[in-house]
Amino acid sequence: MNKTILIAKKELFRIFSDRKMVFSLYILPVIIVVAIYSIMGQLIGSMSKDIEEHNAVITVVNPTDELKDIISSSEMGKNADITFVTEDEYNSKKAEIEDSILNGDSDLIVYLDKDFGSVADSYVAGGDSLPSMKIFYNSTENYSSASYSNFDSEVVDTYKTTLLDSRYGDLSMLNAFNVDSQVICKEEKANMEFLAMMLPYMVVMMLFAGVMSVGVDAIAGEKERGTLSSMLISPVKRSEIVAGKLISMAILSIISAVVYCVAMILSIPNITGGVGNMGAGNISFTVGQMLQLVAIMVVLVYFYVGVIGLIATLSPNTRAASSAISPIYIVIIILGMMTMFRTGGTNSIGSYLIPVYGSALAISDLCKLELTSINFLASVTGTLVCGIILTFVVAKAFNSEKLMFNA
Amino acid sequence: MIEINNLTKIYKLSAKKKRELKTNKDVKIAVNDLSLTAKPGEIFGLLGPNGAGKTTTLRCVATLLKPTKGDIKVCGFDTVKDAQKVRDSICFLTNEIKLDEHFSTDYLFNFFGKLKDMSDEEIAKRKEELFAAFNINEFKDKKIQELSTGMKQKASIAVSLVNDPEVVIFDEPTSGLDIVTAKGVLDYLKKLRADGKTVIVSTHIMSEAEKLCDRIGMIIGGKKVIEGTIPEILEETQTPDIEEAFFKLYMENTDEKEVK
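A. Main features of the overall build of chain B. Of the regular secondary structure elements, chain B holds 11 helices and 10 strands. Whereas a compact globule of 260 residues would reach a radius of gyration of roughly 18 Å, chain B reaches 19 Å, a difference of no more than 12%. Expressed along its principal axes, the backbone C-alpha trace of chain B runs to roughly 55 × 45 × 35 Å. Residue burial in chain B is summarised as follows: out of 260 residues, 50% are buried. Taking the intrachain contacts of chain B between residues at least 6 apart in sequence as the baseline, contacts between residues at least 24 apart amount to 67%.

As structure tokens, then:
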């Protein structure tokens, strides 16, 4: 055991005494994550602000006096560039106006039937015919879509209400029944929804990336450089060398994953700041949940270390090892993503036993406050057993002269 | 003491290896029924052309490879059954085994000392002795990657000798070294002999073997073709020097086709 710790310490010293390595492993990812999220947040924020501040360009055909009044008193009317035209004026420039909508130069055409005013008057007086209004907008243009939405809520709704009010007097008569909808949910669970979607994917992927970056070099790299042999001819059991290597790989990748996850969680407000609350606020785990998360992560790292340790041992050099690991990395990413968009359906206990996928399911459930003890145990046990098997295989492979010395 | 008894090492050849070696055979006999003994207080030289089986033999002695047939005893311990004890009493130096370039000689000396169950005091004492012998003190804190080839070789020798092993195995000890460093290494091997250690070296430099070795075993095509002191070999082959003796034996033991 002492020799295992000695080897693990040497591996850790190798990384932590190399400033470039520390920078690329632990500092650069944080800078990248924070920078990307900040830039995304700012871009989204400035885009929303730009749309908000845009002066809508609207053409209203055959406006009634009432509509003009509603528009001028609305918030939109103060900022929008509104042109009122008659039917004849519209017909003479119809193609031009419609083209301007298509090109994004204009945002909205509001067309009222020529007789809108008289039909509206007869409707108010109790008539059966309904006045007709057509609105043309370009759904592929942000400004146009936003203008439609604002016009609909600020002008059209107000106009409708005014006409209904004039006809019926008391609008509450139009209500068949009252609906009072109230949200019943655990506040913390609502806040954790976003995390439940992102965290399993982040953990599953980042832990693997962390192990991958250090594991390949620790075994295949040392084999390639001929430095592993110096340990193999020392009076140390192969299993002690394997354990020392795997422990150091696990420690390094856990640090890497924690650093990355913390950076990501801290960066989420940067992006949510741009689009309002995405449900990431007030994230909190209980001590029990934290311990469960740590247990899931540690066991998962152990499994990853086994996978990468085995591939690195079987590969003659780092290039071969990296090539062999790439497809596995893709599978890991897919497994992580599979839990991102899952609906409320329950998974069988067997799925929790599957390494990686089971861990992602367990983390997802943990965030949703739905992780049962049996599913937690299944995910930990399944991954742990596979990790132990892999460790034995790696130790066995270390005894192979063909693999170690290409003999 | 090293006792090699009827050592045979056969490699299975993969399809890729077969292509590399341009052969249809499924196996390659690297060492064929080889026996020899290297005694304490002597330098034993393994001589042979490239690919003769010298390195494979030394790797088997160093426990890195397992014999296909036969057995090897180092200080009385079997290299397969008591591999750990054998590793405890040997140092094996070869160009293929290198020190991790990221560390300093000082760090690696301490690391391997502890790996070989030495106390801090023992390591410090041994470090003083070996670092002085190889003039390592001036670069002991530099990373291996910053050292010259000669310095690296000195560092490798010092680190591998940290636990004062009884048996020293050297594969091509002066390969790639300048003449000054090479002499320093050979002088140290002579000192080890004087200290009563068993030293076994492989080389294809005949003049080096003639000056250094007490006894020589020549290997050609995986087989030992002669073993003895230099005068014994010269007498048996009726040649004036080791180089001539080697060529005579080489011609006798290699078929014409292969020589061409």
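B. Seen up close, helix H4 (residues 105-115) of chain B. Of all 11 residues making up H4(B), eight are buried, and the element is well covered by its neighbours. All buried positions along H4(B) are accounted for by Thr105(B), Asp106(B), Leu108(B), Phe109(B), Phe111(B), Phe112(B), Gly113(B) and Leu115(B). Where H4(B) is buried, its residues contact helix H1 (2-16) and helix H9 (228-232) of chain A together with helix H5 (120-133) and helix H6 (149-160) of chain B. Downstream of H4(B) by a residue or two, Asp117(B) has a phi angle that is positive, lying close to 60°.

C. Representation of the packing of H1(A) against helix H2 (residues 19-53) of chain A. All names here are of chain A. As a packed pair, H1 and H2 sit with axes 7 Å apart at the nearest point and diverge in direction by 90°. Comparing their axes, H2 and H1 come out roughly perpendicular. For the pair formed by H1 and H2, the contact residues are Arg14, Ile15 and Phe16 on the first element and Met21, Val22, Leu25 and Tyr26 on the second. Counted by class, the contact of H1 with H2 contains six nonpolar, no polar and one charged residues.

D. View of the domain arrangement of chain A. Domain assignment breaks chain A into domain 1 (2-30 + 185-405) and domain 2 (52-174). Its C-alpha centre places domain 1 of chain A at a distance of 58 Å from the equivalent point of domain 2 of chain A.

E. Region of interest: the confidence of the model for chain A. Model confidence for chain A is summarised by a mean pLDDT of 84, while 91% of its residues fall at 70 or above. This model gives residues 274-281 of chain A a pLDDT under 50, and the stretch forms 15 contacts once residues within four places in sequence are excluded.

F. Spatial organisation of the side chain of Lys245(A). Residue and element names in this part refer to chain A. Turning to its location among the elements, lysine 245 is positioned in helix H10 (residues 238-275). For lysine 245, the side chain forms a polar contact with the side chain of glutamate 222, separated by 2.7 Å. Beyond its immediate sequence surroundings of up to four residues, lysine 245 is in contact with Ile7, Glu11, Ala218, Ile219, Glu222, Leu228 and Met231.

G. Here's a closer look at the sheet that holds strand E1 (residues 57-61) of chain A. All names here are of chain A. As summarised here, the arrangement of the four strands in space is E2-E1-E3-E4, forming an open sheet in which the pairing is mixed. Here the strands that pair on one side only, and so sit at the sheet edges, are strand E2 (81-85) and strand E4 (133-137). Going from strand to strand, the sheet's axes swing by 15° on average, the running direction of each strand aside.

H. Region of interest: the nonpolar core. Membership of the largest hydrophobic core comes to 161 residues, with the highest contact counts inside it found for Tyr304(A) and Leu189(B). With 18 residues, the top contributor of residues to this core is helix H8 (residues 187-225) of chain A. When sequence neighbours within four positions are dropped, the list of residues in contact with Leu189(B) reads Ile43(B), Val168(B), Phe170(B), Pro173(B), Val199(B), Val201(B) and Leu212(B). Counting 18 residues, the second-largest nonpolar core is a separate cluster that includes Leu67(A), Leu108(A), Val110(A) and Phe151(A).

I. Local environment of the packing of helix H14 (residues 357-367) of chain A against helix H15 (residues 373-398) of chain A. All names here are of chain A. Relative to each other, H14 and H15 sit at 150°, their axes nearing to 9 Å. Considering the angle they form, H14 stands roughly antiparallel to H15. In this structure, H14 crosses over H15, and the sense of that crossing is left-handed. Residues Gly358, Ser359, Ala362 and Asp365 of H14 lie in contact with H15, whose contacting residues are Asn375, Ser379 and Thr383.

J. Quick look at the packing of aromatic side chains. Scanning all chains against the criterion turns up 15 aromatic pairs over all chains. Taking 4.8 Å as the distance between ring centres and 10° as the angle between the ring planes, the aromatic pair formed by Phe13(A) and Tyr107(B) counts as stacked. Residue Phe13(A) is found in helix H1, and its partner Tyr107(B) is found in helix H4; the two belong to separate chains. With relative accessibility at 39%, the residue Phe13(A) sits in the partly exposed group. Given a relative accessible area of 23%, Tyr107(B) falls into the partly exposed group. Measuring from centroid to centroid gives 4.9 Å for Phe208(A) and Tyr304(A), while their planes differ by 85°, and the two rings are edge-to-face.

K. Spatial organisation of the sheet that holds strand E5 (residues 77-78) of chain B. Residue and element names in this part refer to chain B. With antiparallel pairing, the four strands of this open sheet are ordered in space as E2-E1-E4-E5. If you trace the sheet from one side to the other, it starts and ends with strand E2 (27-38) and E5, each paired once. Relative to E2, strand E1 (residues 2-12) runs antiparallel, the two being bridged by eight bridges. Note on E2: the bridge partner recorded for lysine 9 is valine 31. Contacts from helix H2 (residues 54-61) reach E1, E2 and strand E4 (69-74) within the one sheet, and its direction differs from that of E1 by about 115°.

L. Representation of the pairing of strand E3 (residues 42-47) of chain B within the structure. All names here are of chain B. Along E3, six of the six residues are buried, which leaves the element largely enclosed by surrounding structure. Because side chains alternate across E3, one face comprises the buried residues Glu42, Phe44 and Leu46, and the other comprises Ile43, Gly45 and Leu47, equally buried. One ladder, built from six bridges, connects E3 with strand E8 (residues 198-203); its direction is parallel. Bridge pairing links isoleucine 43 to valine 199 in E8. Bridge count for E3 against strand E9 (residues 215-220) is four bridges, and the pairing is parallel. The residue of E9 that forms the bridge with phenylalanine 44 is arginine 215.

M. View of a negative patch on the surface. Residues and elements named next belong to chain A. A contiguous patch of negative charge, built from Asp65, Glu66, Asp69 and Asp121, is present on the exposed surface. When residues of the negative patch are assigned to their parent elements, the largest contribution, three residues, is made by helix H3 (residues 65-73). Aspartate 65 gets classed as exposed once you look at its relative accessible area, which sits at 58%.

N. Looking closely at the interface of chain A and chain B. The interface is formed by 27 residues belonging to chain A together with 27 residues belonging to chain B. Looking only at chain A, the three residues that lose the most surface to chain B are Lys10(A), Ile233(A) and Pro235(A), adding up to 25% of its buried area. Taken together, the links from chain A to chain B amount to three salt bridges. We note a salt bridge from Asp117(B) to Lys3(A), for which the minimum N-O separation is 3.1 Å. Seen at the junction of chain A and chain B, the total is nine residue pairs in polar contact (both at pLDDT 80 or more).

Cut-offs and rules
- Residues numbered from 1 in each chain as written.
- Chains lettered and ligands numbered in written order.
- Predicted model: local features only at pLDDT ≥ 70, side-chain atom pairs only at ≥ 80, totals over all residues.
- Heavy atoms only, no water.
- Helix = DSSP H or I, 4+ residues; strand = E, 2+ residues; numbered from the N terminus.
- Rg over C-alpha atoms; globule rule 2.2 N^0.38 Å.
- Buried < 20%, exposed > 50% of the residue type's maximum accessible area, 1.4 Å probe, protein only.
- Contact = heavy atoms within 4.5 Å.
- Axes fitted to C-alpha atoms, helices over the stretch in contact; angles between N-to-C directions.
- Parallel < 35°, antiparallel > 145°, perpendicular 65-115°, else oblique.
- Nonpolar A, V, L, I, M, F, W, Y, C, P; charged D, E, K, R; others polar.
- Domains from an automatic or database assignment.
- pLDDT = per-residue confidence, 0-100.
- Polar contact = N/O pair within 3.5 Å; in protein donor to acceptor, adjacent residues only side chain to side chain.
- Pairing = 2+ DSSP bridges.
- Core = buried A, V, L, I, M, F, W, Y, C linked by side-chain atoms within 4.5 Å.
- Left-handed = near helix turned anticlockwise from the far one by under 90°.
- Phe/Tyr/Trp six-rings, centres within 6.5 Å; stacked < 30°, edge-to-face > 60°.
- Patch = residues over 30% accessible without salt bridge, like charges linked within 9 Å, V, L, I, M, F, W, Y side chains within 5 Å.
- Areas by Shrake-Rupley, 256 points an atom, 1.4 Å probe, with all protein chains shown as cover.
- Salt bridge = Lys/Arg side-chain N within 4 Å of Asp/Glu carboxyl O.
- Lys, Arg positive; Asp, Glu negative; His and termini not counted.
- Charge placed at Lys NZ, Arg CZ, Asp CG, Glu CD.
- Buried area = accessible area lost by both parts, 1.4 Å probe.

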